[in-house]
Amino acid sequence: MTTVVVLYHSGYGHTQRMAQAVADGAGADLLAIDADGNLPEGGWDTLTAAGAIIMGSPTYMGSVSWQFKKFADASSKIWYTQAWKDKLFAGFTHSAAINGDKSSTLNYLFTLAMQHGGLWVSQGVMPSNSKAAQRNDPNYLGSYSGAIGQAPSDAGAGDMPPGDLASARAFGERVAAVSARFKS
Ligand SMILES: Cc1cc2nc3c(=O)[nH]c(=O)nc-3n(C[C@H](O)[C@H](O)[C@H](O)COP(=O)(O)O)c2cc1C
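Per an unreviewed UniProt entry, the recorded name for the protein is Flavoprotein WrbA, and the organism is Polaromonas eurypsychrophila. On record in UniProt, under Cofactor (unreviewed entry), the comment for the protein is "FMN".

(A) Molecular detail of the packing of aromatic side chains. Scanning the model with the defined rule gives seven aromatic pairs in all. Taking the centre distance of 5.4 Å and the plane angle of 65 degrees together, the rings of Phe68 and Phe71 count as edge-to-face. Residue Phe68 and its partner Phe71 are located together in helix H3 (residues 66-74), separated by three residues, close to a single helical turn. Like Phe71, Phe68 is buried. Ring centres of Phe110 and Trp120 lie 5.6 Å apart, and the angle between their planes is 90 degrees; on these two criteria the pair is classed as edge-to-face. One end of the pair, Phe110, is in helix H5 (residues 102-115); the other, Trp120, is in strand S5 (residues 119-120), with 10 residues separating them in the sequence. Here a set of aromatic residues connected by ring pairs shows up, and it is made of Trp44, Phe68, Phe71, Trp84 and Phe89.

(B) Examining the environment of Gly117 more closely. On the secondary structure map, Gly117 appears in the loop between H5 and S5. Between the alpha carbons of Gly117 and Gln82 there is a distance of 7.1 Å; along the sequence they are 35 residues apart. Residues within four places of Gly117 in sequence aside, it is in contact with Gln82, Lys85 and Asp86.

(C) Region of interest: the side chain of Thr59. In this fold, Thr59 is placed in the loop between strand S3 (52-58) and H3. You can call Thr59 buried: its relative accessible area is 11%. A polar contact of 2.8 Å, which involves the side chain of Thr59, links it to the side chain of Thr105. Apart from residues no more than four positions distant in its own chain, Thr59 is found in contact with Thr93, His94, Ser95, Gly100, Asp101, Lys102 and Thr105.

Rules and cut-offs
- Residues numbered from 1 in each chain as written.
- Predicted model: local features only at pLDDT ≥ 70, side-chain atom pairs only at ≥ 80, totals over all residues.
- Heavy atoms only, no water.
- UniProt positions renumbered as here; feature names shortened; annotations may be inferred.
- Phe/Tyr/Trp six-rings, centres within 6.5 Å; stacked < 30°, edge-to-face > 60°.
- Helix = DSSP H or I, 4+ residues; strand = E, 2+ residues; numbered from the N terminus.
- Buried < 20%, exposed > 50% of the residue type's maximum accessible area, 1.4 Å probe, protein only.
- Contact = heavy atoms within 4.5 Å.
- Polar contact = N/O pair within 3.5 Å; in protein donor to acceptor, adjacent residues only side chain to side chain.

Shown next as structure tokens:
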């Protein structure tokens, strides 16, 4: 059984709530990037010891937050040694607009994982895209490459669609299930 860690940054709490749902599904620990773009003491070691890293960032200006990018750039020290090679990686993001260019954020997280020689786990939940589909149905926003969530710009973190949180939890369950097939 490998350890799953949910690494995330959140400016205003939405991505934090999503991260909690992913972690609940995965049975994983949370690791937050702080407002200055730094990990807590021991954070790098936690990531290196993990079998799977699920990365989350809000979508800011069509990509990850600067705090997440600071972490990503700092991970170049790990990249030099390829110490994270063959880990499982997965990603999630949250934005205000229905589209909001969340795919760009997921693509960035994917690219970072590939630079580290990782293996990417997809969302794995079929989209609810029929005429009868409702906003809180599974994967209503229709992402394949990672979990996504959306709440209007004037909705606080306490006012997020429960369906997105349920999809995030299912995503965490999937990453844990895939991870369980790998021995650390
Ligand atoms: C600097 C900044 C840039 C943003 N850029 C986008 C964007 O490109 N697309 C979008 O849909 N929402 C954008 N938003 C809205 C956030 O994605 C949205 O409020 C999200 O829920 C914030 O997540 P957080 O609470 O985890 O920080 C932006 C917000 C900020 C503060």
